[in-house]
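# Structural description and commentary
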Amino acid sequence: MNAFPLLGTLILTPAIAALFAARARSDERARRVALIGAALTLLLSLLPLALSHAGVALTAGGPALPLLGARLRLGLDGFTITLLPLLGFVLLALLAASPRAAIDPHSAAALLATGSAILGVFCAVDLAVLAAAWVAALVPVDRLVARKGAQDPLLRRTCRIFLLGGTAPLVLAIGAIAVLAARHGAALPFDVEEIARVGVPEAWQSPLFALVGIAVLMRMAAVPFHGWLPVLLERGPLGVTILLAQMQVGVCVLVRVGVTLLPVGCADGMPILAVLGLISALHGAVLALVQTDLRRMLGYLVASQKGLVLLGVASLSPQSVSGALLQSVALSIAITGLAMVVGAIEARAGTADTRELGGLVARTPRMAAFFFLLACAMIGMPGALSFVSEDLLLHGILHAHPVLAVLALTAAALNGITLFRAFQRTFLGPLRRHLKGAALEALVLRERAFLLALVALTVVLGVAPARLIAIHEPVVERVIHEVAHGAQARLAAATYRRSIDADGGAPRRDGRPSP
């Protein structure tokens, strides 16, 4: 069975729905069109997972683009195949459960277009397709921000820096990889499998991995490229920013491009990424602790948690990599739910500042319960998927870098303190005077339904994570094997150079040093 029509349809469905939503004559019609598109996306995203269980290969080629030397090849691995239905559900939840005032034709179209581009990143096996999808994922939020740029120039500048900084290094790296692959005889220089076959010269791998790493760090809001996420979450469109922040496209590109095509550069660069991941985790945790705005606090919490994910992948032990991939899924679920609760609070109270909130549990007990449960799900309480993922991640880091594991645990503890302080300031204590006369409505049915589904999902996966771990296992093994192979190649090259220097001669064509 050729999986290209299925994956192509999956990517195009939200994009087509975005076009219809943008042309809708009313907000309600745009919302209905967007919900239909998101529901179809969720249904289609479940099919690859079902087909993989049936043994169907999910890498397929489409039409060739001779002028570009590219081919529209799509495929999935054990990590991205689990992210497809998660993205479909998150997209549906953000559209269905968001306050109606927050969903107009432009925002609905932006959500769907962003989801379509992220699906393209997950499914791309051709680097040209990957680069196009990577750039396209940032265009909708830029256009939404541009509509209010005159009122908020800081938001506009931040978005532009993120747009340029998050795309230029990856596009430059992909172009250089394609040129090098073409010089070494690759018929399709953008094809991942073709590039892996001919190989990228070792001398180029470290600088190219540095470019890929900068793009990944920017998208994961890691230090020193973290500043965009808190600003966009506080001032920008909440739904699109959450979709960009919690979908792990950075990890996907790091595994698919960095590990697969640049193993030697990956072996050199992973220790640096591990340190930056730890710094990001601690930096985000400390700054989140002092925030009073729930949306800005959420931005720093996401940056901190993504730093832990980056640290887990870069630690390169089987447990840490497996835990990082699981943590990516757990983080997406918890962050989506918390963002929905924060959006509901802001829609009802008119603010997300904890200094102006308090005592909301008396008016909205279900909202308080969901915030508490999702906060527990985010920090790794027993019974949640994050409990399993953080246990694997921290044990893996402990075996590789004991000191880093202690510091990572400190960051996780600070995140827990932040969330429970936010819960206390928002929901406990006396109701503020200016809120006593406000119409603080309880959560409506659609909000309760999707929040309950998110809580149930993290509990079910947390109680029975074995299947998810087994699906991720081939990706974990590939990461460990490729980086180990790159380290061996680097060591062999260094040994060869030292032997040449010791003999005092240059190598001949037969590989031996000249007399």
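Here goes a summary of the coordinates provided. (Residues numbered from 1 in each chain as written. Predicted model: local features only at pLDDT ≥ 70, side-chain atom pairs only at ≥ 80, totals over all residues. Heavy atoms only, no water.)

### Overview of the side chain of Asp191
For the record, the criterion: Here a helix means four or more residues in a row that DSSP labels H or I, a strand means two or more in a row labelled E, and each is numbered from the N terminus. The rule is simple: take the accessible area with a 1.4 Å probe, protein chains only, and divide by the maximum for that residue type; under 20% is buried, over 50% is exposed, in between is partly exposed. By the criterion applied in these results, polar contacts are pairs of N or O atoms within 3.5 Å in which, for protein atoms, one can donate a hydrogen and the other can accept it, and in which residues neighboring in sequence qualify only through two side-chain atoms. Contacts between residues were defined by any pair of non-hydrogen atoms, one from each residue, lying within 4.5 Å.
Within the secondary structure, Asp191 is located in the loop between helix H7 (153–183) and helix H8 (192–198). Overall, the relative accessible area of 4% leaves Asp191 in the buried class. Engagement of the side chain of Asp191 in a polar contact is seen with the side chain of Arg73, the distance being 3.0 Å. Within the structure, the side chain of Asp191 is placed 3.0 Å from the backbone nitrogen of Glu193, a separation counted as a polar contact. Residues within four places of Asp191 in sequence aside, it is in contact with Arg73, Val125 and Asp126.

### Side note on the state of the cysteines
Heads up, the rule is: Whenever a pair of cysteine sulfur atoms sits within 2.5 Å, that pair is classed as a disulfide.
Taken as a whole and assessed by the stated rule, the structure comprises 0 disulfides. Left unpaired, Cys123 is separated from the closest cysteine sulfur, that of Cys252, by 8.9 Å. We classify Cys123 as buried; its relative accessible area is 0%.

### A word on a nonpolar patch on the surface
Let me state the cut-off plainly: Residues enter patches when they are more than 30% accessible in relative terms and free of salt bridges; like-charged ones are connected within 9 Å and nonpolar ones (Val, Leu, Ile, Met, Phe, Trp, Tyr) within 5 Å. Accessible surface area values rest on a Shrake-Rupley calculation with a 1.4 Å probe, where residue burial reflects the displayed protein chains alone. The working definition used for a salt bridge is a side-chain nitrogen of Lys or Arg within 4 Å of a carboxyl oxygen of Asp or Glu.
A cluster of nonpolar residues, Ile36, Leu40, Leu43 and Leu46, forms a patch on the protein surface that exposes about 380 Å² of accessible area. Structurally, the position occupied by Leu46 is in helix H2 (residues 27–53). Taking the relative accessible area as the measure of exposure, Leu46 reaches 41% and is therefore partly exposed.

### Section: the pattern of salt bridges
This model, assessed by the stated rule, comprises 12 salt bridges. Asp77 is the partner of Arg478 in a salt bridge, and the nearest nitrogen-oxygen pair spans 3.4 Å. With Arg478 in helix H21 (residues 466–503) and Asp77 in the loop between strand E2 (70–75) and helix H3 (80–97), this residue pair connects regions lying 401 residues apart in the sequence. Owing to a relative accessible area of 26%, Arg478 belongs among the partly exposed residues under this scheme. In this structure, Asp142 engages Arg156 in a salt bridge whose closest nitrogen and oxygen atoms are separated by 3.1 Å. Pair noted here: Asp142 is in helix H6 (residues 139–147) and Arg156 is in helix H7, with a separation of 14 residues, a long-range link. Among the ionic contacts, a cluster of salt bridges with common partners joins Arg73, Asp191 and Glu193.

### Topic: the side chain of Ser322
In this structure, Ser322 sits in helix H15 (residues 318–349). Residues within four places of Ser322 in sequence aside, it is in contact with Leu392, Ile469 and Val476.

### Thoughts on unusual backbone geometry
It is generally the case that most residues other than glycine have a negative phi and that most peptide bonds are trans. The omega torsion across Val223 and Pro224 is 10°, close enough to zero to call that bond cis. Note that Pro224 resides in the loop between helix H9 (202–219) and helix H10 (228–235). Even without being a glycine, Ala221 presents a positive backbone phi close to 55°. With respect to the element layout, Ala221 can be found in the loop between H9 and H10.

### Section: the packing of aromatic side chains
Put simply, the rule is: Each Phe, Tyr or Trp ring (for Trp, its six-membered ring) is paired with any other whose centre lies within 6.5 Å, and the angle between the two planes then decides the class: stacked below 30 degrees, edge-to-face above 60, tilted in between. Each ring is checked for a lysine NZ or an arginine CZ that lies within 6 Å of its centre and within 35 degrees of its normal; such an atom marks a charge sitting over the ring.
Counting across every chain of the model gives 7 aromatic pairs. A connected cluster of aromatic rings, assembled from ring pairs, spans Phe371, Phe372, Phe420, Phe423 and Phe427. A cation sits over an aromatic face here: Arg219 above Trp134, 4.0 Å from the ring centre.

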